[in-house]
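Coordinates in review
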Amino acid sequence: MLGRDALERSSRTIALPGIGIDGQSRLAAARVLVIGAGGLGSPVLHYLAAAGVGAIGIVDFDTVDLSNLQRQVIHRTASVGDLKTASAARSIGELNPLVAVETHDVRLTRENALELVRDYDLVIDGSDNFATRYLANDAAAIARVPYVWGSVYRFDGQVTVFWEGAPDGLSIDYRDLHPTPPDPGLVLSCDEAGVLGAVCGTIGSMMAVEAIKLITGTGDVLLGRVQIFDALEARWRELGVRRHPDREPVTELIDYDAFCGVRAAGAGPTIEAGALRSALRDAGTVTLVDVREPYEHDLASIAGDSLVPLGSLVDDPSLIGDPSLTDGWPVVVYCQTGVRSGRAVEVLRAAGVEAVSLRGGIRAWLESDPVESDPVESEPVTVARA
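This structure is a prediction, so every number in the text was calculated from the model and none was measured.

Reading the values: rules and limits
- Residues numbered from 1 in each chain as written.
- Predicted model: local features only at pLDDT ≥ 70, side-chain atom pairs only at ≥ 80, totals over all residues.
- Heavy atoms only, no water.
- Phe/Tyr/Trp six-rings, centres within 6.5 Å; stacked < 30°, edge-to-face > 60°.
- Helix = DSSP H or I, 4+ residues; strand = E, 2+ residues; numbered from the N terminus.
- Buried < 20%, exposed > 50% of the residue type's maximum accessible area, 1.4 Å probe, protein only.
- Lys NZ or Arg CZ within 6 Å of the ring centre and 35° of its normal.
- Core = buried A, V, L, I, M, F, W, Y, C linked by side-chain atoms within 4.5 Å.
- Contact = heavy atoms within 4.5 Å.
- Pairing = 2+ DSSP bridges.
- Axes fitted to C-alpha atoms, helices over the stretch in contact; angles between N-to-C directions.

**Concerning the packing of aromatic side chains**
Inspection of every chain in the model, using the stated rule, returns seven aromatic pairs. Between the aromatic rings of phenylalanine 162 and tyrosine 174, the centroid separation amounts to 6.0 Å while the plane-to-plane angle is 85 degrees, which identifies the pairing as edge-to-face. With phenylalanine 162 in strand E6 (residues 156–162) and tyrosine 174 in helix H8 (residues 174–177), the pair connects residues that are 12 residues apart, well separated along the chain. Per residue, the accessibility class of phenylalanine 162 equals that of tyrosine 174, and both read buried. The ring of phenylalanine 61 has arginine 107 sitting right over it, with the charged end atom 4.0 Å from the ring centre.

**Remarks on the nonpolar core**
Judged by nonpolar contacts, the single largest core of 71 residues is most densely connected at Leu45, Leu48, Ile56 and Ile124. Discounting chain neighbours no more than four positions away, the residues touching leucine 48 are Val32, Val34, Val53, Ile56, Ile124, Ala208, Ala211 and Ile212.

**As for the sheet that holds strand E8 (residues 235–240)**
The eight strands are arranged E3-E2-E1-E4-E5-E6-E7-E8 in an open sheet whose pairing can be described as mixed. The open sheet has two edge strands, strand E3 (100–104) and E8, and neither has a second partner. For this sheet, the mean angle separating the axes of adjacent strands, direction not counted, is 15 degrees. Examined bridge by bridge, strand E1 (residues 31–35) and strand E4 (residues 122–125) share four bridges and lie parallel to one another. Opposite valine 32, over in E4, you have leucine 122 as the bridge partner. Its contacts with the sheet place helix H7 (residues 130–143) against E1, E4, strand E5 (147–153) and E6, and it is angled at close to 170 degrees to E5.

The following block contains the structure:
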């Protein structure tokens, strides 16, 4: 039964054909799990709370960073350093105190995914990596609950609905769209590639619309259809998705990091930032390769390097030049955090080139920037900053 406050808050939704009191009551009784309180999760959470969804679960283990605020609009400057779940819960409480917010300050894993998903009627995935997307999809498929998915990249976005065991028999899941993950390191994260914040708002709002339609039984949901948004061209287009003929129903959760080729932190041959500084000072010639994109190199780089974006290096490892000129030192590859450089090292070693990755990437290098008293600071090898 909807109270006076709920009826007044929801009066514009109740007035909509096909929703009414019955649809609003369904929203009030619904339990929705939102994975990620970031760029996509922010508009999803805002609009689900405003719509009067009864209980919203938020899964996120991260804290609010100043760089998040450009797109993660559920957070505020005062929340920098706080858990994203706590920050989002505060915003929801200020918007609609009738919503019960359940925070899960954990990383979604195969150990906890099923227990979390089975406690909700609907899953909305705002994660930013392939391992979590496959995991969330599989957990929703096993639990037989609808799974609303969206993604953003620079000026583009995608949104759709997957549902293994849908009532109309149209069982589609994420693996029908992406049967296998891309090679690790080839798809940049938002931190590395950039993203227009308003695109997150556009796609996240669409995800909330699909969730509300699923809950209220109104309209045609995007099951079997992917909406693709190009902000630069201001165009939407639609891609049909069919069940892959070779796909078997998901029956258990797997090791998704291994499936997606995610390297453990520090896996493979690496060099620490301090050791690299010493090498640049003492070894004479070191072949140093940046495998990021040109704009990243312009923002911060290590003097004396060569810029060879990962995609180009994968196509032609010889672009790094002649490593025989490095006085016996391996080629040192770096990127933003060490993920892409790890992939580059694999490619180079497969091509017969001895190579190591800068552990932690340019971030670790900048954090290890020595104080003025350090003699390395007076050497010609320095950090170039924009």
